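Chain and residue survey
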Amino acid sequence: MTAPKTFEMTVDLNVLNHLGIKLYSSIPAVISEAVANAWDADSERVDIEIDDDTISITDDGHGMTSNDLNTKFLTVGYQRRKSGNSESPDGRDVLGRKGIGKLSLFSIADTIEVRSVKDGQKSGLVLSLPEIQESIKRGDKKYAPNQIAADKISISKGTQIKIRDIRKQTNRAPAALRRRLARRFSSIGQTVDGKRFDVFVNNVEVTTEDREYYKKVEFLWSYGERGEEVKPQTNARKIFDRNANFTGWIGT
């Protein structure tokens, strides 16, 4: 028997069951992944809208073309860093690592709509978990999402993700989501390299106060401007002002 000239590794669609559908258990954790993608796209503002039927995450970042959607968003395991891009186009340190965070959307819902605008080009698609599961049953190696027509895309820049047919009903309170986001992203509400990064949940801005742990601080070491910002948010019994060539704070 002659050996094959080449070898080939294939990935079954069934891998989505492990990497996406069962990846996370809470809605705030899933939305945090979408906000991380917005950061990587150099967004300055992210708007999250939560209602009874839909969760929408809209950013004003660079957006994606149809080719970007195919080669990056729809490519499971695509890693920006592996492609030599450890920074965003505007110089931010990217948060995306393993290229599977977008699959976490299926942990909580059956339908994901993605609309994006880049360089004036509008592109969109609809991902259906039931359809993907049918493809898995058939043994398909690929899945083709339905396209969204350009005239159905109302945003003028950036990316909008709509999560529909939500299965999980826990942890959907806006306050819980603001707390999760405030704790996960130290850059929220800050100006980093000359650019803001602001996140709103149902039109309410996420701030450092949403972290809800400042009030537990008893002793605070304050360094520069950042320390001055934190001081009034704590109930510290003792504050130690320190001079340093950096800004920040230490609390116990």
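Residues numbered from 1 in each chain as written. Predicted model: local features only at pLDDT ≥ 70, side-chain atom pairs only at ≥ 80, totals over all residues. Heavy atoms only, no water.

Side note on the sheet that holds strand 11 (residues 238-242)
Within the open sheet, the three strands sit side by side as 11-10-12. Their pairing is mixed. The open sheet terminates on both sides in strands that have one partner only, identified here as strand 11 and strand 12 (248-251). Strand after strand, the sheet turns through a mean of 15° between neighbouring axes, direction not considered. Where strand 10 (residues 219-223) lies against strand 11, five bridges are found, and the strand directions are parallel. Opposite S222, over in strand 11, you have D241 as the bridge partner. (Pairing = 2+ DSSP bridges. Helix = DSSP H or I, 4+ residues; strand = E, 2+ residues; numbered from the N terminus. Axes fitted to C-alpha atoms, helices over the stretch in contact; angles between N-to-C directions.)

Considering the packing of helix 2 (residues 27-40) against helix 5 (residues 174-184)
Their axes nearest at 10 Å, the elements helix 2 and helix 5 cross at an angle of 50°. Overall, the two elements helix 2 and helix 5 adopt an arrangement that is oblique. Two packed elements cross with a definite hand, and for helix 2 against helix 5 that hand is right-handed. Across the interface between the two elements, P28, A29, I31, S32, E33, V35 and A36 of helix 2 pack against L177, R180, L181 and R184 of helix 5. Classifying every residue of the contact of helix 2 with helix 5 by side-chain character gives seven nonpolar, one polar and three charged. (Parallel < 35°, antiparallel > 145°, perpendicular 65-115°, else oblique. Left-handed = near helix turned anticlockwise from the far one by under 90°. Contact = heavy atoms within 4.5 Å. Nonpolar A, V, L, I, M, F, W, Y, C, P; charged D, E, K, R; others polar.)

Section: the packing of aromatic side chains
This structure, assessed with the given rule, holds six aromatic pairs. For the pair F185 and F197, a centre-to-centre distance of 6.5 Å together with 65° between the ring planes defines the contact as edge-to-face. Highlighted residues: F185 in the loop between helix 5 and strand 7 (190-192) and F197 in strand 8 (residues 195-201), separated in sequence by 12 residues. Look at Y213 and Y214: their rings are 5.3 Å apart centre to centre, the planes differ by 65°, and that puts the pair in the edge-to-face class. With a relative accessible area of 2%, Y214 lands in the buried category. Ring pairing ties together the aromatic residues W39, F185 and F197, which thus form one cluster. Above the ring of F200, the side-chain terminus of R45 is found at 3.8 Å from the ring centroid. Directly above the aromatic system of W39 lies the positively charged group of R92, at a separation of 4.0 Å from the ring centroid. (Phe/Tyr/Trp six-rings, centres within 6.5 Å; stacked < 30°, edge-to-face > 60°. Buried < 20%, exposed > 50% of the residue type's maximum accessible area, 1.4 Å probe, protein only. Lys NZ or Arg CZ within 6 Å of the ring centre and 35° of its normal.)

Notes on the pairing of strand 8
Here strand 8 lies mainly inside the structure; six of its seven residues are buried. With three bridges connecting them, strand 7 and strand 8 associate as antiparallel partners. Each bridged residue has a counterpart across the sheet, and for T191 the counterpart in strand 8 is R196. Counting the residues that bridge the hairpin from strand 7 to strand 8 gives two residues, and of these D193 lies at a positive phi of roughly 50°. Of the strand pairs in this sheet, strand 8 and strand 9 (residues 204-205) are connected by two bridges, and their pairing is antiparallel.

Points about the pattern of salt bridges
According to the stated counting rule, one finds 17 salt bridges in the structure shown. Residue K118 is joined to D68 by a salt bridge in which the shortest nitrogen-to-oxygen separation is 3.2 Å. Residue K118 is found in strand 3 (residues 109-118), and its partner D68 is found in helix 3 (residues 66-73); the two are separated by 50 residues along the sequence. Owing to a relative accessible area of 25%, K118 belongs among the partly exposed residues under this scheme. Here E228 makes a salt bridge to K231, at a shortest N to O gap of 2.9 Å. (Salt bridge = Lys/Arg side-chain N within 4 Å of Asp/Glu carboxyl O.)

A short note on helix 2
The end-to-end C-alpha distance of helix 2, which contains 14 residues, comes to 20 Å, matching closely the 20 Å that a straight helix rising 1.5 Å per residue would cover. Burial analysis of helix 2 places 13 of its 14 residues in the buried class, which makes it a mostly covered element. (Expected span 1.5 Å × (residues − 1).)

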